[in-house]
Each structure stands twice: as C-alpha cells, then as structure tokens.
Amino acid sequence: MHPPQPEPDRTLVLAVLAGDTAALDRWYRLEHPTVWRLALGVLTDPGAAEDLAQEAMLRLHDRLDRWDSERPYTRWRNTVVLNLCRDRLRRSAARDRAETAAAEDRAGRESLPPAAELEQGELRALIGQALGKLTPREREAFVLRELEGLPTKEVAAAMEIGESSLRSLLTLARRRLREFLGARLPETIGGEHA
Amino acid sequence: MPEHDPFQEGDADFDALRDAWRSLQAPEATPDADRADAVTRASVDWMREAWSAIEPPVVALPASLVWRARLRTARRNAPILAAAAALVVLALSIWDTSPPTPPESERLAVVPGDVEPAGGAPETALDPDRGPAAGSGGGDAAAPDEPQGARDLAQGSGAPDAPAPTVVSAAPEENAIVLEHGSVRLVLLDAAEVTTTIDHELELNPGARLMTPASPALPVSPTLPEEGTR
C-alpha cells in the first residue's frame, strides 16, 4: 500500500482559487503523484498515465471551483480522475486490446524479483501487465482500495457502486492477480504454490 | 426515424423481463475474500510493494496552468476592474471639468467671483526678468482649509498639462490684483504681497501673463502697488 500522501486542505485549495501562484505550485506538486498513480493503475500504461495525469491536473484545476468544500476533497478528485480514465479507455479500447495481447506475448515466465530490486521502468511495466489482467472496474477497485488504501466506503462512493459490489470486484481482481503473479512469485513469497 | 416505436398489439410484454432484471442481486462477496490463500496474499503483497516502490515522474508546474490560473483570476475580477476603471474615468472627467480650487497661502485672500472678468482687454506680458519686489510679512488672510489643488496652483506645481494661471489686474488703484485660473479668480488684496506672489509665480511659470483690463496704457509691473499699502 502506498504511504498516504498529504492531502491539500481547504485553505490551500481556496488560495489556488484566489490565484495564488505559490499555492498553485504546491497544490500541483501535492496532487500530481497521486493522480499519476491512479492513472497508471487504471490505464496500466506508464506513458498513457503520464499523459492523462497532466490532462487530469488541468481538468482538476479548471473545475476546482466546483468542488463542494463540505465534501471530502479526495473523493471529488478521485471521481474526476476516474472519469477521465474511463473516457480514455473507451476511446482506445481497440488499441488496448491489441496491446494487451502483445503484453501477454511478452510476459515471460521467469520468477519475479522483489519489487525493490527492479528498476523503475521494469517495475512500471510489470505493474501495468499485472493490472492489465483486470477489467477496468476491477482495476479501479483494486487500485483505490488495495494500493491506495482508501476506505471501502470512499472507494464505493468514488466508483458510484455499492459496497457489496466493490467487495465482489476486489475478490475477482485478487483472483486474476493470483493467476498472473502467483506462478512467478519466488517460493519464499509464494509459499505453498511452489 | 423515431427513436422508439410505439407499443403495438401483439408486441412482447417485457414486464416479466423487467421484474427479473429488478430482482437481480449483485453477486455476494466470496466468503473467504478476506481470508485469501497464501498465494493470493503474496500476489497482493507483491503488488503493494511494487506500488510503493514506483516513483512518479518529476514534474514542474506547467506554464499553461499558471496562465489558466491568471486567466481565471482575471475573469473573476473583471467586474471589479471594470468598475474601478469606470470610477477612474469618472474621476478624471470631473477633474477636467471642475474649477480648480484657490491657492492656499497665508498671503492670499480668496474671493471667488469677486471681480468681473476682464473681457476684451489687451494683454501686457510681464517681464520675468524684473527683480522681485521686497516682500513684507503682512497680509495674513489665511485660508486654512483649502485643498491640495489650491496649494499646487499657488506653488506653480499643478497638473503638468494645466495652463499657466493668468494674472489679471482688475483694479490696480485699489492694490488688488486678480489671479485667474480657469473659472476661479483669486483676488490678491495686499499689494506688497501681490508683487511677491507674482514674482514667485513668474519664476515658476514664465508663461504667466499679467492682464490689464482697464486700459492698454495702464502701467503694469510687479512692483506696481506701493509696498506695505493695501
């Protein structure tokens, strides 16, 4: 689970809205990593994630004055980013299918080293491949709940589904990941499957 | 082409299908979802570890976003700026049309409109090179609450484009000289102080003119009135 990032507070958002450039810079640095990770988690492609993160930051900034400050900021932000990701996925569905097939061909059967030993490029590619085994909805659920560590209630609200549906999606996501990663995990990690 | 055909006799009734649809339940969560086997747990743990290890690309605040922010601020402030601009324009137009206020000086008595305009009289240029007359300290007709514009006029430091005040000698035999600036007339009552003031004005505004309304032959001089007389 990714360590929780400091969230922009109401004061910072209001300063951004007031046109404070320093606050805008701080808000951008605070938000971009989280937005990028969400995009990577849902799109699974590092390049596309970087592209979408930039677009999402612009969109978030443009719509910042629509955020109801009585509601959690993270939920609003996640909803905006997820919607953008879904749009992107819809537009490039055919391309994604082709890339998924190619990725399956590339995926080797060698065992996975611990994540810390991998280079960033390899790491991103592996995460992308693993998450690419999930459906988009499963990815959203898995990334927000398991990887970003958001509460179930908040994830369900961001995805506009019930909590029981969310749990089902998470179960399916874990199962698919097990199929993809389980056989490649070293014995010390995988334990019983070896 | 209509989007929906009207229901017709013999069409299938979808009530049963609708009821079945509404009765659909979301699949129940797998009972052991949270008690997954070791491989599943290991897979999820590996993903979490990988997720923590990835580093987002280092980015700087894009210039386009800064400009968007400025544009939005400008859009939001546009009504205020427009109102402020309108006020400035209004103030400038009032400034242009309003009569300048009389000068503040301990040596000047302000009597607006006290003297009739000197229409049609020839003008005699004052010689700025003439030496100033020795001023005295008399004539303390103070005007304590006069605004800055009056002080500027008296000190020759008014608006840069403002015309130089015109000096009108309406009744020199009464030791009174009138300074005219726009529609404001300043009657200088103390003759000695008048000469001092005129000389000072000439120093600051060489273009100032002394007008003699009564007669072109009327001798005009900064030292015209006798010193110390009124």
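Asker: Can you break down the overall build of chain B residue by residue, with the values?
Answerer: Scanning chain B from terminus to terminus reveals five helices and five strands. Start at the N end of chain B and walk to the C end: the helices and strands fall as α-α-α-β-α-β-β-β-α-β. Across the 230 residues of chain B, 34% fall into the buried class. Residue pairs at least 24 apart in sequence account for 75% of intrachain contacts in chain B once pairs closer than 6 positions are excluded. With an accessible surface of roughly 14200 Å², chain B has 57% of that area assigned to carbon and sulfur atoms.

Asker: Let's hear about the packing of aromatic side chains: which residues, and what values?
Answerer: Residues and elements named next belong to chain A. Within this structure, the stated rule accounts for two aromatic pairs over all chains. With 5.3 Å between their ring centres and 85° between their planes, Trp67 and Tyr73 make a pair best called edge-to-face. Under the relative-accessibility criterion, Trp67 is labelled buried at 12%. Arranged with centres 5.7 Å apart and planes meeting at 45°, the rings of Tyr73 and Trp76 form a pair that is tilted. In this pair, Tyr73 and Trp76 both sit in helix α4 (residues 73-91), three residues apart, roughly one turn of the helix. With respect to class, Tyr73 is no different from Trp76; both count as buried.

Asker: How would you sum up unusual backbone geometry? Please name residues and give values.
Answerer: All names here are of chain A. The backbone of Thr44 shows a phi angle near 70°, a positive value even though the residue is not glycine. Along the chain, Thr44 turns up in the loop between α2 (21-43) and α3 (46-62). Owing to a relative accessible area of 17%, Thr44 belongs among the buried residues under this scheme. Even without being a glycine, Glu160 presents a positive backbone phi close to 60°.

Asker: Describe the packing of α2(A) against α4(A), naming the residues involved and giving the relevant values.
Answerer: All names here are of chain A. With their axes 10 Å apart at the nearest point, α2 and α4 run at an angle of 45° to one another. Of the possible angle classes, the one that applies to α2 and α4 is oblique. Where α2 crosses over α4, the two elements pack in a sense that is right-handed. The segment α2 lies against α4, with Trp27, Glu31, Thr34, Val35, Leu38, Ala39, Val42 and Leu43 engaging Tyr73, Arg77, Asn78, Val81, Leu82, Cys85, Arg88 and Leu89.

Asker: Hey, could you go over the environment of A:Pro72 for me, with residue numbers and the actual values?
Answerer: Residues and elements named next belong to chain A. Here Pro72 lies in the loop between α3 and α4. Residue Pro72 is classed as partly exposed on the basis of its relative accessible area of 35%. Linking Pro72 and Asp9, residues 63 residues apart in sequence, is a C-alpha distance of 9.9 Å.

Asker: I'd like to hear about the interface of chain A and chain B, residue by residue, with values.
Answerer: Counting residues at the interface gives 59 residues for chain A and 38 residues for chain B. Taking both sides of the interface into account, the surface hidden between chain A and chain B amounts to around 4300 Å²; carbon and sulfur atoms contribute 66%. In this assembly, chain A and chain B are joined by three salt bridges. Where chain A meets chain B, there are ten residue pairs in polar contact (both at pLDDT 80 or more). Of the residues forming the side of chain A that touches chain B, the biggest block, twelve residues, is contributed by α2(A). When the residues that make up the side of chain A that touches chain B are grouped by side-chain class, the tally is 31 nonpolar, 14 polar and 14 charged.

Thresholds, definitions, all that
- Residues numbered from 1 in each chain as written.
- Chains lettered and ligands numbered in written order.
- Predicted model: local features only at pLDDT ≥ 70, side-chain atom pairs only at ≥ 80, totals over all residues.
- Heavy atoms only, no water.
- Helix = DSSP H or I, 4+ residues; strand = E, 2+ residues; numbered from the N terminus.
- Buried < 20%, exposed > 50% of the residue type's maximum accessible area, 1.4 Å probe, protein only.
- Contact = heavy atoms within 4.5 Å.
- Areas by Shrake-Rupley, 256 points an atom, 1.4 Å probe, with all protein chains shown as cover.
- Phe/Tyr/Trp six-rings, centres within 6.5 Å; stacked < 30°, edge-to-face > 60°.
- Axes fitted to C-alpha atoms, helices over the stretch in contact; angles between N-to-C directions.
- Parallel < 35°, antiparallel > 145°, perpendicular 65-115°, else oblique.
- Left-handed = near helix turned anticlockwise from the far one by under 90°.
- Buried area = accessible area lost by both parts, 1.4 Å probe.
- Salt bridge = Lys/Arg side-chain N within 4 Å of Asp/Glu carboxyl O.
- Polar contact = N/O pair within 3.5 Å; in protein donor to acceptor, adjacent residues only side chain to side chain.
- Nonpolar A, V, L, I, M, F, W, Y, C, P; charged D, E, K, R; others polar.

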